[in-house]
Amino acid sequence: MFVELNNLLNTTPDRAEQGKLTLLCDAKTDGSFLVHHFLSFYLKANCKVCFVALFQSFSHYNIVGQKLGVNLTVARERGQLVFLEGLKSAVDVFFQTQEEPHPLQFLREANAGNLKPLFEFVREALKPVDGGEARWTYPVLLVDDLSVLLSLGVGAVAVLDFIHYCRATVCWELKLRILWRRPSQPTAQRDQSLTYQYKIQDKSVSFFAKGMSPAVL
Amino acid sequence: MLDSLLSLGGLVLLRDSVEWEGRSLLKALVKKSALCGEQVHILGCEVSEEEFREGFDSDINNRLVYHDFFRDPLNWSKTEEALPGGPLGALRAICKRTDPGPVTIALDSLSWLLLHLPCTTLCQALHAVSHQDSCPGDSSPVGKVSVLGLLHEELHGPGPVGALSSLAQTEVTLGGTKGQASAHILCRRPRQRPTDQTQWFSILPDFSLDLQEGPSVESQPCSDPHIPPVDPTTHLTFNLHLSKKEREARDSLILPFQFSSEKQQALLRPRPGQATSHIFYEPDAYDDLDQEDPDDDLDI
C-alpha cells in the first residue's frame with residue numbers, strides 16, 4: 001500500500017471504515033495502482049478479501065503485491081483471500097460441466113441476462129464462517145473492473161443491479177467495504193472534493209497539490 | 001412556492017443530477033407532509049430503510065410507511081419475503097385504500113422504476129394514480145393523492161424524461177451556483193397557463209426546508225474600501241516623471257525610421273559634407289587585387 005495515499009485519505013489499516021462503497025474511476029489514464037493499493041491495504045488490515053479479478057491474471061497482481069509487501073499466494077492458501085481469476089475461469093464455463101451456475105455464466109447466455117451467479121459467488125465467499133473464532137476483521141469486496149463486464153455484453157442495468165445487490169446484502173448485512181473500478185467521467189463530489197496530481201515510481205506513488213511538483217517548479 | 005408543492009396534488013417530478021442531489025429535498029417534502037397529518041408511503045428502491053429514515057425524529061418515522069424494495073427487488077434470494085407485484089403492485093395497493101384522507105407517495109426513485117420497467121407501463125400506472133381523485137363514477141370520495149417522484153435526469157434519454165414530464169403537474173429541477181441550491185419550479189394548473197419560478201433554498205440537518213433570497217450579492221472578493229490603493233511610484237530612487245521642458249522636447253522628436261517629407265528631401269539632396277570622407281586601405285602581401293568586375297559575365 002502507498003503510505004502517502006493513506007495520509008491523503010486519512011486512514012490506516014487498523015482504523016479503516018466499514019460499510020462503505022468506494023468507486024475508483026479513471027479516464028484517459030490508468031488507475032490500476034489504486035487497485036493494488038487497496039488490495040494490499042485490506043490484506044494488511046487482516047480483512048477477508050474477495051477479489052473478482054477480470055482485468056489481469058493472478059500472477060500480475062501477485063508480483064505487484066509483493067512489491068507492496070503482501071503475498072497473494074499465501075493469503076489465498078490460508079483462506080484470507082478468495083480470488084476469482086476471470087481470465088482463467090472464463091474458459092471453465094465452456095469446457096467444464098458445472099452443477100451450479102458458474103459465476104461467469106453470463107458469457108454463455110445469448111442475451112447476457114443478469115449477474116446473479118456472480119453475486120451468489122461473492123455472497124458465498126464473504127459470508128461469515130460458522131464455528132471457530134473470527135480470524136478476520138471484516139469482509140471486503142474488490143472488483144477489477146466493471147468496464148470489462150460492460151465490454152462482455154452485460155447491460156448497464158444488469159451491472160447496476162449487481163452493484164445494488166452487493167450494496168444491499170453484502171454492504172448492509174455484513175457491513176463490509178466494496179471497491180470497484182470503472183472507467184468514465186469521474187463523478188463530482190459535492191461534499192468534499194480534493195484534487196491532487198500524482199507520479200508513480202517503482203514501489204511508491206507520490207502525491208502533490210496541483211502545480212507543486214519539483215519537476216514543474 | 002416550494003413549500004406548497006404538494007397542495008396541488010398529482011405527480012411532482014423532482015429532477016436532480018449528480019451535482020445537485022434531490023433526496024434531501026424529497027425527505028424535506030416527506031417530512032412536511034407527515035407533519036400536516038397526511039398518510040405518507042415511501043417506495044424505497046435505492047437506499048436502505050435505515051438510510052432513508054436517518055435524520056427524521058421518531059414521530060415523523062412513526063407516520064412513514066416504508067415499502068422496502070431495496071433489500072431484494074429482483075427476488076434473487078428466493079425467500080418468501082418479496083412483496084408481490086413489485087413496486088407497481090404496491091403503488092396500486094396504496095391507491096385502493098378505503099381511507100379517504102390525503103395521501104402522499106414518495107418514489108425513491110422513479111429512475112430505478114424507469115430502468116426496470118417499460119416506460120409505457122410506468123407512465124400508465126402513474127397516470128392512473130395521480131388522476132385518481134378526478135375519476136368519475138366512483139361512489140366513495142377519495143382524498144387527494146400526491147406522488148413525489150425522484151428522477152436522476154442524467155440516467156435517461158430525452159424520450160422517457162419527456163413522457164414523465166408531460167404527466168407531471170409540477171416539475172422541480174434542481175440546480176444552483178456557488179454552493180447555493182436552487183429549485184426551478186414549473187407548475188401546470190388545469191385551464192391555466194403554466195407558471196415557473198426559481199426558489200433558492202437549503203435543507204437543514206433535521207430536513208426542514210429553509211427558503212432563501214438568493215446567492216449573496218458580493219460574489220467576487222472586493223477590496224476593502226477603507227484601505228486606499230497603494231501608489232507604487234512613490235519612494236523610488238529614480239525619477240519616473242518628466243518636467244514640462246522634457247515633455248516638450250520628447251514630443252517634438254522625430255523618430256529615426258519615421259518617413260516624413262523633410263526626411264525625403266534630405267535623402268534626395270546630397271549633403272555637402274559627404275565628399276570629404278575617405279577610406280584608407282593598406283593591402284597585405286597576400287591580397288589579390290583584381291580590378292575586374294566579377295559580375296561582368298552575367299547577362300542581365
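Residues numbered from 1 in each chain as written. Chains lettered and ligands numbered in written order. Predicted model: local features only at pLDDT ≥ 70, side-chain atom pairs only at ≥ 80, totals over all residues. Heavy atoms only, no water.

Draft legend 1. Quick look at the sheet that holds strand β1 (residues 10-16) of chain B. Residues and elements named next belong to chain B. Taken in spatial order, the 9 strands line up as β3-β2-β4-β5-β1-β6-β7-β8-β9 in an open sheet, and their pairing is mixed. Strands with a single pairing partner mark the edges of an open sheet, and in this sheet they are β3 (64-68) and β9 (209-212). For this sheet the average axis-to-axis angle between neighbouring strands, irrespective of direction, equals 25°. By the bridge criterion, 4 bridges tie β1 to strand β6 (residues 170-177) in an arrangement that is parallel. Residue pairing for β6: R15 is matched across the bridge by T173. Contacts from helix α7 (residues 158-167) reach β1, β5 (145-152) and β6, with the element oriented near 140° to β1. (Pairing = 2+ DSSP bridges. Helix = DSSP H or I, 4+ residues; strand = E, 2+ residues; numbered from the N terminus. Axes fitted to C-alpha atoms, helices over the stretch in contact; angles between N-to-C directions. Contact = heavy atoms within 4.5 Å.)

Draft legend 2. Expanded view of the packing of aromatic side chains. As enumerated under the stated definition, the model contains 13 aromatic pairs over all chains in all. On the basis of an interplanar angle of 65° and a centroid distance of 6.3 Å, the ring pair of B:F52 and B:F56 is categorised as edge-to-face. Both residues of the pair, B:F52 and B:F56, count as buried. Among the aromatic residues, those joined into a cluster by ring pairs are A:F38, A:F41, A:Y42 and A:Y138. Here A:R76 stacks its cationic end above the ring of A:F58, 3.9 Å away from the centre of that ring. (Phe/Tyr/Trp six-rings, centres within 6.5 Å; stacked < 30°, edge-to-face > 60°. Buried < 20%, exposed > 50% of the residue type's maximum accessible area, 1.4 Å probe, protein only. Lys NZ or Arg CZ within 6 Å of the ring centre and 35° of its normal.)

Draft legend 3. The arrangement of the interface of chain A and chain B in detail. Between chain A and chain B, the residue contacts involve 18 residues of the former and 22 residues of the latter. Of the roughly 1700 Å² buried between chain A and chain B on both sides combined, carbon and sulfur atoms contribute 61%. At the boundary of chain A with chain B, the tally comes to 0 salt bridges. Remark: the boundary between chain A and chain B carries 6 residue pairs in polar contact (both at pLDDT 80 or more). (Buried area = accessible area lost by both parts, 1.4 Å probe. Salt bridge = Lys/Arg side-chain N within 4 Å of Asp/Glu carboxyl O. Polar contact = N/O pair within 3.5 Å; in protein donor to acceptor, adjacent residues only side chain to side chain.)

Draft legend 4. Looking closely at the confidence of the model for chain A. Residue and element names in this part refer to chain A. In the predicted model, chain A carries a mean pLDDT of 78, and 81% of its residues have values of at least 70. Here strand β5 (residues 177-183) is the element of chain A with the lowest mean pLDDT, 55, and helix α4 (residues 72-77) is the one with the highest, 94. A low-confidence stretch, residues 183-191 (pLDDT under 50), is modelled with 12 contacts involving residues beyond four sequence positions or located in other chains. (pLDDT = per-residue confidence, 0-100.)

Draft legend 5. Structural view of the packing of helix α4 (residues 86-95) of chain B against helix α6 (residues 119-130) of chain B. All names here are of chain B. Direction vectors running N to C along α4 and α6 enclose 10°, while the axes themselves pass 10 Å from each other. In terms of orientation, α4 and α6 fall into the roughly parallel class. For the pair α4 and α6, the contacting residues are L88, L91, R92 and C95 in the first and T121, L122, A125 and V129 in the second. Of the residues assigned to the contact of α4 with α6, the class counts are 6 nonpolar, 1 polar and 1 charged. (Parallel < 35°, antiparallel > 145°, perpendicular 65-115°, else oblique. Nonpolar A, V, L, I, M, F, W, Y, C, P; charged D, E, K, R; others polar.)

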